[in-house]
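If you want the building blocks of each chain, they are given just below.
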Amino acid sequence: MTIQQLPNIENASPATKNIYEVDTFVKSNTAITEEYRLLILEAPKTILNCQPGQFFHLQCPVTRSHQPYLRRPMSIYSYSQQDCELQFLFKVTGEGTQALSELKNGDTLNVLGPLGVGFSIEPEWENLLLLARGVGLATLAPLAQEANRLGKKLTAICSARSPNALMSIDYFKDMGADVITITDTEGTSTLDNMRHIIELKISQGAVDVMYTCGSNRMLKLLQEIGNLHSLPGEIALEQQMACGLGMCQCCVRSFNRCGVITQERVCREGPVFKIQEAMPW
Amino acid sequence: MTIQQLPNIENASPATKNIYEVDTFVKSNTAITEEYRLLILEAPKTILNCQPGQFFHLQCPVTRSHQPYLRRPMSIYSYSQQDCELQFLFKVTGEGTQALSELKNGDTLNVLGPLGVGFSIEPEWENLLLLARGVGLATLAPLAQEANRLGKKLTAICSARSPNALMSIDYFKDMGADVITITDTEGTSTLDNMRHIIELKISQGAVDVMYTCGSNRMLKLLQEIGNLHSLPGEIALEQQMACGLGMCQCCVRSFNRCGVITQERVCREGPVFKIQEAMPW
Amino acid sequence: MVNLKTKIGELILKNPIMPASGTFSEDLAEVLDLNKLGAHVTKTITEEKRCGNPSPRVCEVSGSMLNSIGIPSKGIEYFIDTVIPFYSQYNVPLIVSISAQTSDGFARICERVSVPGVDAIEVNISCPNIEEDGKAFAMRPSTTQSVMTKLRSATDLPLWAKLSPNTGETIEVAMAAEESGADALVVSNTMLSMAIDIHSRKPKLGNLMGGLSGPSLKPIALRMAYQCAKSVSIPIIGCGGISTVEDIIEYLIAGATAIQVGTATFINPNAMVTLLADLENFLQKQNIQNISDLIGSVRDEDATDDVVFMETAP
Amino acid sequence: MVNLKTKIGELILKNPIMPASGTFSEDLAEVLDLNKLGAHVTKTITEEKRCGNPSPRVCEVSGSMLNSIGIPSKGIEYFIDTVIPFYSQYNVPLIVSISAQTSDGFARICERVSVPGVDAIEVNISCPNIEEDGKAFAMRPSTTQSVMTKLRSATDLPLWAKLSPNTGETIEVAMAAEESGADALVVSNTMLSMAIDIHSRKPKLGNLMGGLSGPSLKPIALRMAYQCAKSVSIPIIGCGGISTVEDIIEYLIAGATAIQVGTATFINPNAMVTLLADLENFLQKQNIQNISDLIGSVRDEDATDDVVFMETAP
Ligand SMILES: Cc1cc2nc3c(=O)[nH]c(=O)nc-3n(C[C@H](O)[C@H](O)[C@H](O)COP(=O)(O)OP(=O)(O)OC[C@H]3O[C@@H](n4cnc5c(N)ncnc54)[C@H](O)[C@@H]3O)c2cc1C
Ligand SMILES: Cc1cc2nc3c(=O)[nH]c(=O)nc-3n(C[C@H](O)[C@H](O)[C@H](O)COP(=O)(O)OP(=O)(O)OC[C@H]3O[C@@H](n4cnc5c(N)ncnc54)[C@H](O)[C@@H]3O)c2cc1C
Ligand SMILES: Cc1cc2nc3c(=O)[nH]c(=O)nc-3n(C[C@H](O)[C@H](O)[C@H](O)COP(=O)(O)O)c2cc1C
Ligand SMILES: Cc1cc2nc3c(=O)[nH]c(=O)nc-3n(C[C@H](O)[C@H](O)[C@H](O)COP(=O)(O)O)c2cc1C
Ligand code: FES
Ligand code: FES
């Protein structure tokens with residue numbers, strides 16, 4: 001296993017020190033639902049000093065049928081220095097994730113990371129609320145792990161198309177979370193119902209901070225609720241990436257910093273941003 | 001196994017009827033010398049109605065390290081309808097053959113063929129002489145098989161850099177050939193010595209026709225000897241190929257047809273040509 | 001059943017898939033049923049006999065290829081006596097690609113191939129114009145205009161002008177071709193390129209340079225097809241790097257009315273027939289009844305005109 | 001030990017490997033030792049603050065990528081106050097890439113970045129010239145000449161003109177740049193291209209079109225580097241699709257004095273350092289003492305001038 005240790009220099013921004021490009025080995029790669037797979041890698045300890053919300057940039061395999069060129073960004077679903085283990089939960093979409101889905105035990109996967117700025121959990125935040133759907137679960141899962149480690153109380157609202165499509169419920173429960181599931185087929189995943197559930201939790205004093213991921217709908221909802229109750233929150237965002245390191249400026253999104261619109265790089269200043277600064281798209 | 005049976009139409013030239021594009025399966029892939037490997041494929045019977053001297057056009061595998069794009073032409077080293085077997089003897093040179101060398105048992109290899117016009121053995125030719133070196137052995141081997149089947153007498157002069165680099169000697173012996181080995185390190189592979197050996201065989205009445213492959217040096221030698229003794233001969237030639245089917249005209253070489261220089265396609269009018277018509281390059 | 005019919009001017013094709021000139025010949029009849037194709041397009045011919053370029057004529061580059069075949073030609077008589085009758089056995093429009101080094105030469109061969117059995121003439125103007133400075137006709141609107149005007153009066157057959165990606169004036173050339181009477185544009189020919197063998201230090205092609213074709217060319221040719229579709233009203237035939245059904249759909253959405261498949265046939269001789277089946281499947285699955293529903297359906301409403309017509313990388 | 005030193009005019013580089021503009025930033029310092037590089041080349045800056053293009057700014061195409069980043073810029077002050085001092089900690093020449101939409105704007109920013117710490121100025125003339133018809137300066141010899149002449153009188157620093165593959169007049173543009181005082185040519189920038197999402201039917205780039213970079217560009221840029229090396233006597237810096245040591249050797253043999261690595265760094269952030277080691281190994285194995293022995297050593301003696309200077313696919 002070649003680890004390319006990369007020198008830390010003075011000017012490195014704190015968030016992305018200790019970036020490694022390294023070969024990992026597939027321990028397992030299994031279907032979780034029809035669309036999602038869990039990839040478990042054996043990785044060197046050194047690269048597993050991660051923050052929840054950070055991501056790795058994966059060099060997907062190349063075959064005659066799939067020839068992804070750029071790396072693919074993937075949130076860390078789980079990491080353990082003790083077990084030398086790194087996990088990704090991914091949705092099979094196009095060229096790159098199809099190639100990932102064909103990885104077999106023992107195969108090599110080159111990863112670059114950990115990258116980006118993850119979620120923060122301020123000491124004074126005791127009650128965490130997390131709102132996740134689809135791929136968002138992958139991103140928010142390690143936050144539950146960390147909350148558990150820090151002894152914080154956690155409410156996880158997990159949304160999906162149907163009860164069958166729900167993922168990681170047991171994982172969140174294991175992390176001591178109070179899990180609420182909502183689905184489209186049951187009609188429980190509407191905006192109104194989400195608002196209702198969150199407002200209820202807030203009224204019970206069970207929310208000091210809210211975390212979410214990706215979706216425009218959820219962002220708007222949490223911005224409204226956050227404004228109303230002066231609650232802080234964080235959101236992990238996605239954007240097309242090339243370098244993943246901050247060089248190419250292709251992953252920018254617009255943010256509203258006290259009325260000034262700025263462009264920030266999702267790979268570098270993000271992928272986690274303050275909910276109130278993020279701009280719906 | 002998908003066999004794509006391709007219709008024969010009236011205008012098809014006789015040589016390339018029954019061309020198939022088909023997936024075959026690797027039975028073994030082993031190093032023969034430092035540079036050469038033997039690839040044994042399981043192939044459908046239908047595609048194994050071959051002529052010695054014909055070739056297949058191979059779609060080499062694609063991996064992150066090797067991404068050959070065009071097919072690679074390879075002479076048939078051995079074919080057997082009975083065993084559903086197709087063999088290639090190849091030299092590891094660049095992108096494509098390196099990719100071939102990584103094929104493992106059970107892997108799929110898509111082949112297109114059989115292609116081109118092979119060697120002819122006229123009924124009146126009883127004594128065949130074959131002069132081969134390197135990759136040429138691969139091309140001339142099935143000729144020995146065919147000569148053996150037809151009960152012809154065969155002399156095989158096999159040339160190589162060193163005794164260690166000699167290949168397929170046993171194969172030729174099994175086919176009943178009188179095998180003469182010549183090597184650079186022993187100083188026996190000089191033009192003069194080749195000429196000497198062949199002249200001797202001719203004087204013994206052991207040569208009605210001469211076959212060779214590839215090299216400019218050998219072509220010139222056999223042209224001279226053939227002229228001197230009015231002996232017919234055939235040579236298999238190589239040229240860069242794209243389509244392998246006669247469409248792109250990239251594989252042409254010049255030939256001298258009774259004083260007129262013509263351009264012929266190696267993939268279509270060849271790869272086997274009359275020695276007296278071929279032009280040294 | 002989906003409707004694959006498409007129209008290039010007056011010419012109706014039963015489906016939009018045809019071979020690219022120079023990557024197709026009578027030989028392919030042994031591998032697939034030529035009756036399945038939307039049209040047959042022959043290798044470019046010249047009036048006189050020609051040898052073509054020195055060997056090697058082809059080499060591989062990352063995921064694609066270069067060629068410098070040149071235009072070996074058995075001459076116009078052989079073509080009329082042998083090739084046209086061969087294709088007449090099929091019930092498929094025959095498109096003949098022609099070339100010459102002067103406008104008058106072009107007009108001459110155009111007239112001579114305007115014979116029964118030929119349904120349209122593809123004009124390969126990517127060849128050097130020896131009357132001017134040796135640059136190809138397709139490099140400039142003025143030279144495109146002058147040759148197309150002569151051709152227009154030399155034949156009544158539909159004229160398809162085949163553009164070159166080597167020009168910096170794609171849109172101007174496309175408009176010049178349209179104005180001077182082209183009935184369709186084929187977009188595009190290969191891109192001038194080079195490769196060197198690092199061991200022998202010789203160019204990998206006998207002719208030093210050659211044309212890039214295959215997947216690497218696709219984003220360039222697609223951009224040109226889009227630019228042309230936006231700037232002229234004659235049909236565009238997309239060509240360059242097509243190897244999957246997704247590639248075909250992309251060209252149709254960009255504005256192409258039909259497409260040509262070149263290099264992909266070298267990798268999979270059955271490519272065109274496979275693509276035809278894939279195209280039918282794709283349309284069925286997407287519930288698209290007519291391919292005409294796809295043509296030019298690109299959703300570029302957000303873009304300003306500036307961007308559509310830009311001719312430089314941003 | 002092999003000698004990797006190379007000279008671009010008066011400027012001596014300890015090795016021929018440098019990053020391509022826009023694919024490199026201070027951020028890479030966390031991944032590799034910037035002191036190892038032959039030069040540092042910054043992202044193109046403009047005088048004014050700019051936002052860059054709409055998202056998505058990047059997409060993948062077969063074996064390569066398109067980008068339409070545009071030139072987001074924090075403005076010249078930020079650059080002088082922050083970026084130049086950052087690179088001053090390294091013992092490596094700093095090349096600053098500049099752009100503007102008018103010749104005068106170009107001259108202004110050129111003067112302003114001609115400060116200590118800057119060793120050469122790379123002129124990104126692949127941007128639209130809004131004084132004329134909006135085509136990039138690098139599309140035509142005349143516009144290249146006019147902007148380079150103004151720049152020449154605006155600075156004493158070496159000027160590297162970066163050419164565009166979108167022009168049909170590579171050689172004329174190269175000669176115009178040389179005549180008007182360029183000290184070197186960077187060959188080349190990205191090729192205008194397009195990709196469409198077949199499901200949404202939207203262009204994959206927010207800006208509709210973008211520039212092709214990566215392996216697909218190599219045969220095109222290599223051809224341009226060769227043509228330029230044959231037609232001008234100032235040094236050529238090869239750029240386009242370099243990802244292996246073989247690619248570097250190919251450019252050197254074609255006539256490049258140094259090379260730039262762009263997209264490859266996105267795939268392997270360590271690419272430049274790996275290539276440096278590979279280059280040393282390669283030369284050692286081949287028993288080549290000086291890289292200057294490779295530069296321009298292409299064996300093209302068989303080719304006629306016609307072919308060297310052709311500008312169209314054969
Ligand atoms: C920081 C971050 C974390 C992510 N975490 C996860 C995760 O944990 N699990 C998961 O399933 N997905 C995650 N994604 C999305 C994931 O990167 C894309 O699904 C994946 O790149 C798709 O690649 P593809 O080749 O299969 O699809 P294609 O559509 O073929 O991809 C084409 C190109 O678009 C890019 N792309 C496509 N979708 C996205 C997207 N949503 N975001 C960014 N780039 C995209 C690809 O990277 C590639 O360059 C994350 C994205 C980001 C930015
Ligand atoms: C009819 C015919 C039969 C052949 N039979 C055999 C055989 O039985 N065993 C064997 O080892 N080799 C044979 N060769 C040569 C074999 O095709 C090349 O060695 C092989 O294509 C090299 O591919 P590569 O990717 O490893 O090398 P690269 O040098 O990377 O190939 C680059 C390109 O050049 C082409 N090329 C390179 N060398 C040759 C060559 N000598 N002839 C034609 N094209 C070439 C490749 O096909 C490819 O397109 C034969 C060639 C022909 C034309
Ligand atoms: C081997 C070869 C020969 C070609 N010959 C011609 C030709 O004679 N006339 C012509 O107009 N185009 C010719 N072309 C260009 C193709 O018709 C087509 O425009 C180009 O290859 C791009 O399409 P592709 O990427 O699908 O191959 C040739 C291309 C190749 C690869
Ligand atoms: C994301 C990205 C941004 C770029 N930005 C610039 C730029 O600001 N100025 C410039 O002159 N070239 C820019 N380029 C072009 C590169 O410098 C280089 O010319 C091109 O990418 C070809 O090299 P490559 O194939 O090695 O990437 C950019 C390229 C990419 C991929
Ligand atoms: S992906 Fe390159 S800056 Fe973010
Ligand atoms: S390889 Fe195409 S004609 Fe021979």
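Rules used throughout
- Residues numbered from 1 in each chain as written.
- Chains lettered and ligands numbered in written order.
- Predicted model: local features only at pLDDT ≥ 70, side-chain atom pairs only at ≥ 80, totals over all residues.
- Heavy atoms only, no water.
- Near = heavy atom within 4 Å.
- Polar contact = N/O pair within 3.5 Å; in protein donor to acceptor, adjacent residues only side chain to side chain.
- Areas by Shrake-Rupley, 256 points an atom, 1.4 Å probe, with all protein chains shown as cover.
- Nonpolar A, V, L, I, M, F, W, Y, C, P; charged D, E, K, R; others polar.
- Core = buried A, V, L, I, M, F, W, Y, C linked by side-chain atoms within 4.5 Å.
- Buried < 20%, exposed > 50% of the residue type's maximum accessible area, 1.4 Å probe, protein only.
- Contact = heavy atoms within 4.5 Å.
- Least-squares fit on C-alpha atoms with pLDDT ≥ 70 in both.
- Buried area = accessible area lost by both parts, 1.4 Å probe.
- Salt bridge = Lys/Arg side-chain N within 4 Å of Asp/Glu carboxyl O.
- Helix = DSSP H or I, 4+ residues; strand = E, 2+ residues; numbered from the N terminus.

J.: Would you explain the site of ligand 4 in this entry?
T.: Surrounding ligand 4, one finds 24 residues, the nearest of these being D:Ser21, D:Thr44, D:Lys162, D:Gly241 and D:Thr263. Neighbouring residues of ligand 4 are not confined to one chain but are distributed across chains A and D. At a separation of 2.6 Å, an oxygen atom of ligand 4 approaches a polar backbone atom of D:Gly241. D:Gly262 places a main-chain nitrogen or oxygen 3.0 Å from an oxygen atom of ligand 4. For ligand 4, whose free accessible area comes to 600 Å², the fraction covered by protein is 97%. Residues of the shell around ligand 4, tallied by class, amount to 7 nonpolar, 15 polar and 2 charged.

J.: Teacher, can you tell me more about the nonpolar core here?
T.: One recurring pattern in soluble globular proteins is that nonpolar side chains are buried together. Membership of the largest hydrophobic core comes to 282 residues, with the highest contact counts inside it found for C:Leu185 and D:Leu185. Excluding residues within four positions of it along the chain, D:Leu185 makes contact with D:Ala161, D:Leu163, D:Ala174, D:Ala177, D:Cys228, D:Val232, D:Ile234, D:Pro235, D:Ile236 and D:Ile237.

J.: Help me understand the arrangement of the chains in this model?
T.: No other pair of the 4 pairs of chains in contact has as many contacts as chains C and D. Nothing in chain A touches chain C, and the closest approach of their C-alpha atoms is 10 Å.

J.: Just to check I follow, could you spell out the relation of the copies chain C and chain D for this structure?
T.: Mapping one chain copy onto the other needs a rotation about an axis and a shift along that axis. Here chain C sits on chain D after a turn of 180° about the axis and a move of 0.0 Å along it, with an RMSD of 0.0 Å. With respect to symmetry, the two chain copies, as superposed, fit the operation of a two-fold axis. A shared interface surface links the copies, since 100% of the contact residues of chain C are contact residues in chain D too.

J.: In this structure, what is going on with the interface of chain C and chain D? I would like to understand it.
T.: Accessible area lost upon the coming together of the parts is a frequently used measure of interface size. Taken together, the 66 residues of chain C in the interface contact 66 residues of chain D. Taking both partners together, chain C and chain D bury about 5400 Å²; carbon and sulfur atoms supply 66% of that area. Across the pair D:Glu172 and C:Lys135 runs a salt bridge whose closest N-O atoms are separated by 3.0 Å. Our count for the contact surface shared by chain C and chain D stands at 17 residue pairs in polar contact (both at pLDDT 80 or more). Elements supplying a minimum of two residues to the side of chain C that touches chain D: strand S6 (64–67), strand S11 (191–194), strand S12 (209–213), helix H5 (218–231), helix H6 (245–254) and helix H9 (305–308) of chain C. Split by residue class, the side of chain C that touches chain D holds 33 nonpolar, 21 polar and 12 charged.

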